[in-house]
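# Understanding the architecture of this molecule
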Amino acid sequence: MLKSVQILGSTSGFLSLLWKKTYNSGFGLSFVAISANPLSYSTSSGTRGRLTTDTPVSPVLSAGKNGCFRSRRVYATRSEANQDGNVRRIKFCQLCGGSTKYEIPDGEEKMRAICTICGKIAYQNPKMVVGCLIEHDKKILLCKRNIEPSHGLWTLPAGYLEIGESAAEGAIRETWEEAGADVEVLSPFAQLDIPLIGQTYIIFLAKMKKPQFSPGPESSECRLFALDDIPFDSLAFSSIFVTLNLYIDDLRTGKLKFHYGTINKRPGSSPSDIRAFSLDYHLES
Ligand SMILES: [Zn+2]
(Lines give C-alpha, C1' and ligand atoms only; values in the text may rest on other atoms or scores of the structure.)
Protein backbone atom coordinates (compact mmCIF):
# COMPACT_ATOMS: atom_id res chain seq x y z
CA MET A 1 0.00 0.00 0.00
CA LEU A 2 1.32 3.38 -0.91
CA LYS A 3 1.60 6.05 1.68
CA SER A 4 1.65 9.76 1.20
CA VAL A 5 4.17 12.20 2.54
CA GLN A 6 3.36 15.61 3.79
CA ILE A 7 6.33 17.84 3.45
CA LEU A 8 6.46 20.37 6.20
CA GLY A 9 8.25 23.64 6.09
CA SER A 10 11.20 25.00 7.91
CA THR A 11 11.74 27.73 10.40
CA SER A 12 12.40 31.22 9.20
CA GLY A 13 15.89 32.36 8.46
CA PHE A 14 16.74 29.27 6.50
CA LEU A 15 16.37 28.50 2.92
CA SER A 16 14.10 25.57 2.48
CA LEU A 17 14.15 23.60 -0.67
CA LEU A 18 11.53 21.29 -1.91
CA TRP A 19 12.18 18.38 -4.10
CA LYS A 20 10.69 18.36 -7.47
CA LYS A 21 11.33 14.80 -8.24
CA THR A 22 11.60 13.27 -11.56
CA TYR A 23 13.74 10.73 -13.13
CA ASN A 24 14.09 8.88 -16.42
CA SER A 25 11.80 9.31 -19.35
CA GLY A 26 11.85 13.02 -18.99
CA PHE A 27 12.01 12.90 -15.23
CA GLY A 28 14.76 14.67 -13.40
CA LEU A 29 15.47 15.73 -9.88
CA SER A 30 15.61 19.39 -9.12
CA PHE A 31 15.16 21.66 -6.18
CA VAL A 32 12.96 24.65 -5.78
CA ALA A 33 13.86 27.35 -3.35
CA ILE A 34 11.06 28.54 -1.15
CA SER A 35 11.10 30.84 1.81
CA ALA A 36 7.58 31.00 3.18
CA ASN A 37 7.08 29.76 6.68
CA PRO A 38 5.40 27.61 7.64
CA LEU A 39 5.16 25.60 4.53
CA SER A 40 2.87 22.76 3.86
CA TYR A 41 2.49 20.56 0.91
CA SER A 42 -0.06 18.18 -0.31
CA THR A 43 0.76 15.60 -2.83
CA SER A 44 -0.80 13.28 -5.31
CA SER A 45 0.37 10.16 -7.00
CA GLY A 46 3.58 8.39 -7.70
CA THR A 47 4.52 4.80 -7.62
CA ARG A 48 8.04 3.62 -7.68
CA GLY A 49 11.70 4.34 -7.76
CA ARG A 50 12.89 7.63 -6.53
CA LEU A 51 10.68 10.30 -5.15
CA THR A 52 8.02 10.65 -7.75
CA THR A 53 5.35 13.14 -8.53
CA ASP A 54 2.14 12.97 -10.43
CA THR A 55 2.91 15.21 -13.34
CA PRO A 56 6.60 15.97 -13.59
CA VAL A 57 6.30 18.88 -15.95
CA SER A 58 3.61 20.79 -14.12
CA PRO A 59 4.43 23.55 -11.63
CA VAL A 60 5.77 22.20 -8.39
CA LEU A 61 4.58 24.89 -6.08
CA SER A 62 1.58 27.09 -5.97
CA ALA A 63 0.78 29.62 -3.34
CA GLY A 64 -2.15 28.78 -1.11
CA LYS A 65 -3.92 30.72 1.55
CA ASN A 66 -1.92 32.14 4.41
CA GLY A 67 1.25 32.08 2.45
CA CYS A 68 1.38 28.35 2.32
CA PHE A 69 2.56 26.55 -0.71
CA ARG A 70 1.33 23.34 -2.12
CA SER A 71 3.14 20.75 -4.03
CA ARG A 72 2.57 17.23 -5.06
CA ARG A 73 2.31 14.18 -2.97
CA VAL A 74 5.11 11.72 -2.89
CA TYR A 75 4.46 8.19 -1.86
CA ALA A 76 6.27 5.69 0.20
CA THR A 77 6.50 2.02 -0.43
CA ARG A 78 9.39 0.85 1.61
CA SER A 79 10.02 0.16 5.22
CA GLU A 80 12.81 1.34 7.43
CA ALA A 81 12.86 -0.91 10.42
CA ASN A 82 13.67 -0.10 13.98
CA GLN A 83 15.77 2.98 13.47
CA ASP A 84 15.58 4.36 16.93
CA GLY A 85 19.04 5.82 17.09
CA ASN A 86 20.20 6.41 20.61
CA VAL A 87 16.92 7.64 21.99
CA ARG A 88 16.12 4.55 23.98
CA ARG A 89 15.07 5.06 27.55
CA ILE A 90 17.96 4.56 29.92
CA LYS A 91 17.02 2.32 32.82
CA PHE A 92 20.37 1.79 34.50
CA CYS A 93 23.40 3.92 35.23
CA GLN A 94 26.32 3.20 32.94
CA LEU A 95 28.73 4.12 35.73
CA CYS A 96 27.49 2.09 38.68
CA GLY A 97 24.58 0.06 37.37
CA GLY A 98 22.07 1.72 39.66
CA SER A 99 18.49 2.33 38.63
CA THR A 100 17.71 5.66 37.05
CA LYS A 101 14.87 8.09 37.48
CA TYR A 102 13.77 10.67 34.95
CA GLU A 103 13.81 14.22 36.23
CA ILE A 104 14.78 17.67 35.07
CA PRO A 105 18.11 18.46 36.73
CA ASP A 106 18.55 21.82 38.40
CA GLY A 107 19.37 24.49 35.88
CA GLU A 108 18.28 22.42 32.91
CA GLU A 109 15.13 22.16 30.87
CA LYS A 110 15.06 18.59 29.64
CA MET A 111 14.18 15.37 31.34
CA ARG A 112 17.27 13.30 31.96
CA ALA A 113 17.95 9.85 33.28
CA ILE A 114 19.58 10.35 36.67
CA CYS A 115 21.16 7.55 38.65
CA THR A 116 19.40 7.00 41.97
CA ILE A 117 22.63 5.70 43.49
CA CYS A 118 25.50 7.91 42.33
CA GLY A 119 23.57 10.81 40.82
CA LYS A 120 25.22 10.63 37.39
CA ILE A 121 23.15 12.25 34.69
CA ALA A 122 22.98 10.26 31.47
CA TYR A 123 23.09 12.73 28.64
CA GLN A 124 21.97 11.37 25.29
CA ASN A 125 23.45 12.97 22.22
CA PRO A 126 23.15 12.23 18.52
CA LYS A 127 25.33 9.58 16.98
CA MET A 128 27.34 10.10 13.85
CA VAL A 129 27.03 7.66 10.97
CA VAL A 130 29.78 7.82 8.38
CA GLY A 131 29.99 6.18 5.00
CA CYS A 132 31.20 6.30 1.44
CA LEU A 133 29.57 6.82 -1.90
CA ILE A 134 31.84 5.04 -4.34
CA GLU A 135 31.48 5.36 -8.05
CA HIS A 136 33.36 2.97 -10.29
CA ASP A 137 32.90 2.72 -14.05
CA LYS A 138 29.85 4.94 -13.75
CA LYS A 139 28.32 2.57 -11.26
CA ILE A 140 27.72 2.92 -7.53
CA LEU A 141 28.73 0.37 -4.96
CA LEU A 142 25.89 -0.78 -2.71
CA CYS A 143 25.73 -3.41 0.00
CA LYS A 144 22.77 -5.62 0.82
CA ARG A 145 22.37 -5.65 4.58
CA ASN A 146 22.84 -8.97 6.29
CA ILE A 147 21.81 -7.57 9.67
CA GLU A 148 18.87 -5.77 11.16
CA PRO A 149 17.55 -3.17 10.85
CA SER A 150 16.57 -3.30 7.21
CA HIS A 151 17.94 -6.78 6.61
CA GLY A 152 17.99 -7.58 2.91
CA LEU A 153 17.83 -3.98 1.78
CA TRP A 154 20.51 -2.01 -0.01
CA THR A 155 22.67 0.69 1.48
CA LEU A 156 25.88 2.56 1.01
CA PRO A 157 28.68 1.19 3.16
CA ALA A 158 28.26 3.19 6.35
CA GLY A 159 28.15 2.79 10.10
CA TYR A 160 28.66 4.42 13.44
CA LEU A 161 31.79 6.45 13.98
CA GLU A 162 34.03 5.09 16.69
CA ILE A 163 35.72 7.06 19.43
CA GLY A 164 39.29 7.86 18.38
CA GLU A 165 38.76 8.10 14.65
CA SER A 166 37.90 10.91 12.31
CA ALA A 167 34.78 10.86 10.20
CA ALA A 168 36.82 10.09 7.10
CA GLU A 169 38.69 7.30 8.85
CA GLY A 170 35.43 5.85 10.04
CA ALA A 171 33.94 5.95 6.56
CA ILE A 172 36.99 4.15 5.16
CA ARG A 173 36.81 1.54 7.92
CA GLU A 174 33.10 0.93 7.45
CA THR A 175 33.60 0.53 3.72
CA TRP A 176 36.28 -2.03 4.32
CA GLU A 177 34.20 -3.90 6.88
CA GLU A 178 30.97 -3.96 4.89
CA ALA A 179 32.18 -4.04 1.32
CA GLY A 180 35.75 -5.31 1.52
CA ALA A 181 36.81 -2.30 -0.51
CA ASP A 182 39.96 -0.31 0.19
CA VAL A 183 39.00 3.25 -0.60
CA GLU A 184 40.43 6.73 -0.70
CA VAL A 185 38.15 9.52 0.43
CA LEU A 186 37.87 12.25 -2.19
CA SER A 187 35.58 14.83 -0.65
CA PRO A 188 32.66 15.25 1.71
CA PHE A 189 29.37 14.95 -0.12
CA ALA A 190 26.51 15.22 2.33
CA GLN A 191 25.69 15.84 5.94
CA LEU A 192 22.18 14.76 6.76
CA ASP A 193 20.75 15.24 10.22
CA ILE A 194 17.87 13.08 11.41
CA PRO A 195 16.83 14.74 14.67
CA LEU A 196 14.01 12.36 15.51
CA ILE A 197 16.29 9.38 15.81
CA GLY A 198 19.37 11.26 16.96
CA GLN A 199 21.62 10.57 14.01
CA THR A 200 23.80 12.61 11.71
CA TYR A 201 25.06 11.06 8.50
CA ILE A 202 28.27 12.19 6.87
CA ILE A 203 28.77 10.65 3.47
CA PHE A 204 32.03 11.01 1.56
CA LEU A 205 32.73 10.54 -2.09
CA ALA A 206 35.42 7.93 -2.40
CA LYS A 207 37.14 5.74 -4.93
CA MET A 208 38.46 2.23 -4.72
CA LYS A 209 42.22 1.98 -4.69
CA LYS A 210 41.82 -1.32 -6.47
CA PRO A 211 38.67 -2.44 -8.22
CA GLN A 212 38.02 -5.11 -5.65
CA PHE A 213 35.20 -5.60 -3.21
CA SER A 214 33.45 -8.42 -1.42
CA PRO A 215 30.75 -8.58 1.21
CA GLY A 216 31.80 -8.48 4.82
CA PRO A 217 29.88 -10.15 7.67
CA GLU A 218 27.27 -7.40 7.77
CA SER A 219 26.54 -7.68 4.06
CA SER A 220 25.09 -10.57 2.10
CA GLU A 221 26.06 -9.06 -1.23
CA CYS A 222 27.90 -6.10 -2.69
CA ARG A 223 27.24 -4.93 -6.18
CA LEU A 224 27.94 -2.07 -8.54
CA PHE A 225 24.75 -0.52 -9.86
CA ALA A 226 24.41 1.63 -12.92
CA LEU A 227 22.65 4.87 -12.06
CA ASP A 228 19.49 3.78 -13.82
CA ASP A 229 19.47 0.48 -11.99
CA ILE A 230 19.81 1.67 -8.41
CA PRO A 231 17.20 -0.23 -6.39
CA PHE A 232 15.32 2.75 -5.01
CA ASP A 233 12.46 0.47 -4.04
CA SER A 234 14.77 -1.61 -1.88
CA LEU A 235 16.91 0.91 -0.04
CA ALA A 236 17.50 0.54 3.66
CA PHE A 237 17.27 4.08 5.00
CA SER A 238 15.93 7.53 4.23
CA SER A 239 19.42 8.95 4.44
CA ILE A 240 20.63 6.66 1.69
CA PHE A 241 17.59 7.43 -0.40
CA VAL A 242 18.32 11.14 -0.09
CA THR A 243 22.04 10.79 -0.68
CA LEU A 244 21.64 8.81 -3.87
CA ASN A 245 19.02 11.18 -5.19
CA LEU A 246 21.23 14.17 -4.50
CA TYR A 247 24.18 12.49 -6.17
CA ILE A 248 22.28 11.57 -9.30
CA ASP A 249 20.84 15.04 -9.49
CA ASP A 250 24.29 16.54 -9.21
CA LEU A 251 25.55 14.31 -11.98
CA ARG A 252 22.72 15.34 -14.22
CA THR A 253 23.37 19.00 -13.60
CA GLY A 254 27.08 18.47 -14.20
CA LYS A 255 28.34 19.65 -10.84
CA LEU A 256 28.91 17.69 -7.66
CA LYS A 257 28.14 19.77 -4.61
CA PHE A 258 28.27 19.45 -0.87
CA HIS A 259 24.83 19.09 0.63
CA TYR A 260 23.55 19.77 4.10
CA GLY A 261 20.02 18.90 5.02
CA THR A 262 17.73 17.80 7.79
CA ILE A 263 15.59 14.73 7.31
CA ASN A 264 12.43 15.18 9.32
CA LYS A 265 10.22 12.19 9.64
CA ARG A 266 6.59 12.91 8.87
CA PRO A 267 4.68 13.13 12.16
CA GLY A 268 2.70 10.02 12.76
CA SER A 269 4.45 8.02 10.09
CA SER A 270 5.87 4.61 10.65
CA PRO A 271 9.56 4.68 11.54
CA SER A 272 9.94 1.92 8.99
CA ASP A 273 8.73 4.09 6.15
CA ILE A 274 11.88 5.46 4.56
CA ARG A 275 10.01 7.88 2.33
CA ALA A 276 7.84 9.48 4.97
CA PHE A 277 10.05 12.49 5.47
CA SER A 278 10.78 16.00 4.38
CA LEU A 279 14.21 17.31 3.52
CA ASP A 280 14.47 20.66 5.24
CA TYR A 281 17.17 23.30 5.45
CA HIS A 282 18.74 21.89 2.34
CA LEU A 283 21.84 23.91 1.69
CA GLU A 284 24.39 23.18 -0.97
CA SER A 285 27.76 24.49 -1.88
ZN1 LIG B 1 25.23 5.50 39.05
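Cut-offs and rules
Counting of residues starts from 1 at the beginning of each chain's written sequence and follows it residue by residue. In keeping with the predicted nature of the model, local features appear solely for residues at pLDDT of at least 70, side-chain atom pairs appear and are counted solely at 80 or more, and the whole-chain, interface and lining totals rest on all residues. Counting from the N terminus, the helices are the DSSP runs of H or I reaching at least four residues and the strands are the DSSP runs of E reaching at least two. Here, residue contact means that the backbone-derived C-beta atoms of the two residues sit within 7 Å. Pairing between strands requires that DSSP locate at least two bridges from one strand to the other. Joining buried Ala, Val, Leu, Ile, Met, Phe, Trp, Tyr and Cys residues through C-beta atoms within 7 Å gives a set, and that set is a nonpolar core. Three exposure classes are used, all based on how many other C-beta atoms lie within 10 Å of a residue's own C-beta (placed from the backbone): buried at 20 or more, exposed at 12 or fewer, and partly exposed between those limits. Each residue after the first adds 1.5 Å to the expected span of a helix. Confidence of the predictor at the level of single residues is captured by pLDDT, which takes values from 0 to 100.

As recorded in an unreviewed UniProt entry, the protein goes by Nudix hydrolase 23, chloroplastic and comes from Melia azedarach.

Our next topic: the overall build of the protein. When you go through the protein residue by residue, the secondary structure sums to two helices and 18 strands. Within the protein, counting contacts between residues at least 6 apart in sequence, those at least 24 apart form 65% of the total.

All right, on to the pairing of strand E15 (residues 199–208) then. Strand direction decides the pairing type here: strand E10 (residues 127–136) and E15, joined by eight bridges, are parallel. Looking at E15, one finds that Gly131 is bridged to Ile203. When strand E14 (residues 183–194) meets E15, the two strands line up antiparallel, connected through ten bridges. Bridging across to E15, Val185 finds its partner in Ala206. Between the end of E14 and the start of E15, which pair antiparallel, lie four residues, with Gly198 showing a positive phi angle near 65°.

With respect to topology, three strands assemble into an open sheet ordered E7-E8-E9, the strand pairing being antiparallel. Looking at the sheet topology across the chains shown, the edges are occupied by strand E7 (100–103) and strand E9 (121–122). Examined bridge by bridge, strand E8 (residues 112–115) and E9 share two bridges and lie antiparallel to one another. Along E9, the bridge assignment pairs Ile114 with Ile121.

Bringing the nonpolar core into the picture now. The biggest cluster of nonpolar side chains holds 44 residues, and the ones touching the most others in it are Cys132, Leu133, Ile203, Leu235 and Phe241. Among the elements of the structure, E10, strand E11 (139–145), helix H1 (167–179), E14, E15, helix H2 (238–253) and strand E18 (277–284) are those that each provide at least two residues to this core. Take this core: its biggest share by element is six residues, from H2. If near-sequence neighbours (up to four positions away) are discounted, Cys132 is found in contact with Leu156, Pro157, Ala171, Thr175, Val183, Phe204 and Ala206.

Position of Arg112 among the secondary structure elements: in strand E8. For the pair Arg112 and Ile90, spaced 22 residues apart in the sequence, the C-alpha separation amounts to 9.0 Å. Not counting residues up to four positions away in its chain, the partners in contact with Arg112 are Tyr102, Glu103, Pro105, Ile121, Ala122 and Tyr123.

On to H1, then. Between its first and last C-alpha, H1 extends 18 Å over 13 residues, near the 18 Å set by a 1.5 Å rise per residue. At its buried positions, H1 is contacted by E10, E11, strand E13 (158–160), E14, E15 and strand E16 (219–226). In the stretch just after H1, Gly180 is the one whose phi turns positive, near 60°.

Time to look at H2. Taking 1.5 Å per residue, 16 residues should reach 22 Å; H2 reaches 22 Å between its end C-alpha atoms and fits that length. The set of residues buried in H2 consists of Ser238, Ser239, Ile240, Phe241, Val242, Thr243, Leu244, Leu246, Tyr247 and Asp249. At the exit of H2 stands Gly254, carrying a positive phi of roughly 85°.

Residues Glu148 and Pro149 are joined by a peptide bond in cis, for which omega reads 0°. Counting through the fold element by element, Pro149 comes out in the loop between E11 and strand E12 (154–155). The phi torsion at Lys138 lies on the positive side, around 60°, for a residue other than glycine. With a phi close to 65°, Ser150 is a non-glycine residue in the positive phi region. Among the structural elements, Ser150 can be located in the loop between E11 and E12.

Assignment of secondary structure puts Leu244 in helix H2. Distance from Leu244 to Phe232, taken between C-alpha atoms, is 8.8 Å for residues twelve residues apart in sequence.

Next up on the list: the environment of Ala122. Mapped onto the elements of the fold, Ala122 is located in strand E9. According to the C-beta neighbour criterion, Ala122 is partly exposed, with 16 such atoms within 10 Å. Residues Ala122 and Arg112, ten residues apart in the sequence, show an inter-C-alpha distance of 6.5 Å. Not counting residues within four places of it along the chain, the set of residues in contact with Ala122 comprises Ile90, Gln94, Thr100, Arg112 and Ala113.

Right, let's get into the confidence of the model for the protein. Per-residue confidence for the protein averages 76 on the pLDDT scale, and 69% of its residues sit at or above 70. Below pLDDT 50 for its whole length, residues 1–86 participates in 190 contacts with residues either more than four positions away or in separate chains.

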